[in-house]
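These are the residues of each chain, in order.
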Amino acid sequence: MPSLLKVTNLCKSFKQPSGLFTTREKVAYGPVSFTIEAGQTLAIVGESGSGKSALVRTIAGVLKATSGEIFIKGQPLESLSSQQRCLSLRMIFQDPSSSLNPKMTVGKILNAPLELNTNKNAKERSQKIIETLKLVGLLPDYLAFFPNMLSSVQKHQVAIARAMILDPDIILADEILTTLDISLRFKIVNLLLNIQKIKGTSYIFVAHNMHLVKHMSDQIMVLHQGKIIEKGSTETICEDPQQEQTKYLLLTHQPDYRK
Ligand SMILES: Nc1ncnc2c1ncn2[C@@H]1O[C@H](COP(=O)(O)OP(=O)(O)OP(=O)(O)O)[C@@H](O)[C@H]1O
């Protein structure tokens, strides 16, 4: 049976000006290969500029890969319609304060993907919206709220609801916890773990905080200057890191780390 997500030799480079009339290729990451199965969580970690965001943005379809392939359940991602992609993969962006349209109510924000990607009628959409709000721990009262009426954690809950409303197989989350303080981070992590238990969703997480990564991921992939320098089960990577960069990441986020 094919893997839920298979990434093969994926590369991304950007053209950058190097003189008045010349450009040069700047490699953001690659070649990168990995697989993820249903219900698993992969954490992508690495120092700033190592290519984490560019990688998840490519998988989400926001960036076009320079080379390499992405397969969902054995099918090339490019062969899927935009509707099929949305039903397979949804992205949660870094800062919900800027990714939620301030002019739309929570109800409209959650209705939009259903209207665009499903054949549900108004009643079915309304039921799905209420069910999804419940899944993320919000009451139906929030349907009429605008984003500026929500606390930062509630904005995260709505961003997660917007990603979950189509019941995707995979959620891509790019440093979604950085704007929250530590207790709220754990609230959101626990919410995501609970959703995973109920729905079997797979997550790909870009994260800096190794403590949270340890708490919620099954696999860790460490990027350094666009290359995978270490990859394995969370337990193995955290207990026996092989690379200096991995040890440094663990050291900076785990005061009790002694290796
Ligand atoms: N749109 C772009 N145009 C040109 N170069 C880019 C672009 N986006 C990213 N890069 C470059 O690609 C490399 C990887 O960037 P990326 O944002 O993926 O790193 P990151 O690991 O997510 O960093 P951070 O943790 O700071 O978000 C960097 O050198 C960056 O300057």
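Fair warning: this is a prediction, and the values are worked out from it, not measured in the lab.

## Some thoughts on the UniProt feature "domain: ABC transporter" (unreviewed entry) in the chain
Here is step 1: Mapped onto this numbering, the UniProt entry gives "domain: ABC transporter" (unreviewed entry) at residues 5–250.
Here is step 2: With 39% helix and 28% strand, the stretch residues 5–250 has end C-alpha atoms that lie 27 Å from each other.

## As for the pairing of strand β3 (residues 41–46)
Here is step 1: In terms of burial, β3 is largely enclosed, as six of its six residues are buried.
Here is step 2: The alternating pattern of β3 places T41, A43 and V45 on one face and L42, I44 and G46 on the opposite face, and all of these are buried.
Here is step 3: Bridge count for β3 against strand β9 (residues 219–224) is five bridges, and the pairing is parallel. Paired with A43 across the two strands is I220, which belongs to β9.

## A few points about the site of the ligand
Here is step 1: Taken together, 14 residues form the shell around the ligand, and within it S48, G49, K52, S53 and A54 come nearest.
Here is step 2: Contact distances for the ligand include 3.1 Å between an oxygen atom and a side-chain N or O atom of K26.
Here is step 3: Interatomic distance of 2.5 Å between a side-chain N/O atom of S48 and an oxygen atom of the ligand.
Here is step 4: Within the residue set of the shell around the ligand, elements represented by two or more residues are β1 (5–17), β2 (23–36) and α1 (52–59).
Here is step 5: Broken down by element, the shell around the ligand gets its largest block of residues, three residues, from α1.
Here is step 6: Looking at the shell around the ligand residue by residue, the classes come out as three nonpolar, seven polar and four charged.

## What about the nonpolar core?
Here is step 1: Core analysis: the biggest nonpolar cluster contains 37 residues, and I160, I188, L192 and I195 have the highest contact counts within it.
Here is step 2: Of all the elements in the fold, those that place two or more residues in this core are α4 (106–117), α5 (122–135), α6 (152–164), β7 (170–174), α7 (182–199), β8 (202–206) and α8 (210–216).
Here is step 3: Here I188 is in contact with V153, H156, Q157, I160, L177 and L180, once residues within four sequence places are set aside.

Cut-offs used in this document
Residues numbered from 1 in each chain as written. Predicted model: local features only at pLDDT ≥ 70, side-chain atom pairs only at ≥ 80, totals over all residues. Heavy atoms only, no water. UniProt positions renumbered as here; feature names shortened; annotations may be inferred. Helix = DSSP H or I, 4+ residues; strand = E, 2+ residues; numbered from the N terminus. Buried < 20%, exposed > 50% of the residue type's maximum accessible area, 1.4 Å probe, protein only. Pairing = 2+ DSSP bridges. Near = heavy atom within 4 Å. Polar contact = N/O pair within 3.5 Å; in protein donor to acceptor, adjacent residues only side chain to side chain. Nonpolar A, V, L, I, M, F, W, Y, C, P; charged D, E, K, R; others polar. Core = buried A, V, L, I, M, F, W, Y, C linked by side-chain atoms within 4.5 Å. Contact = heavy atoms within 4.5 Å.

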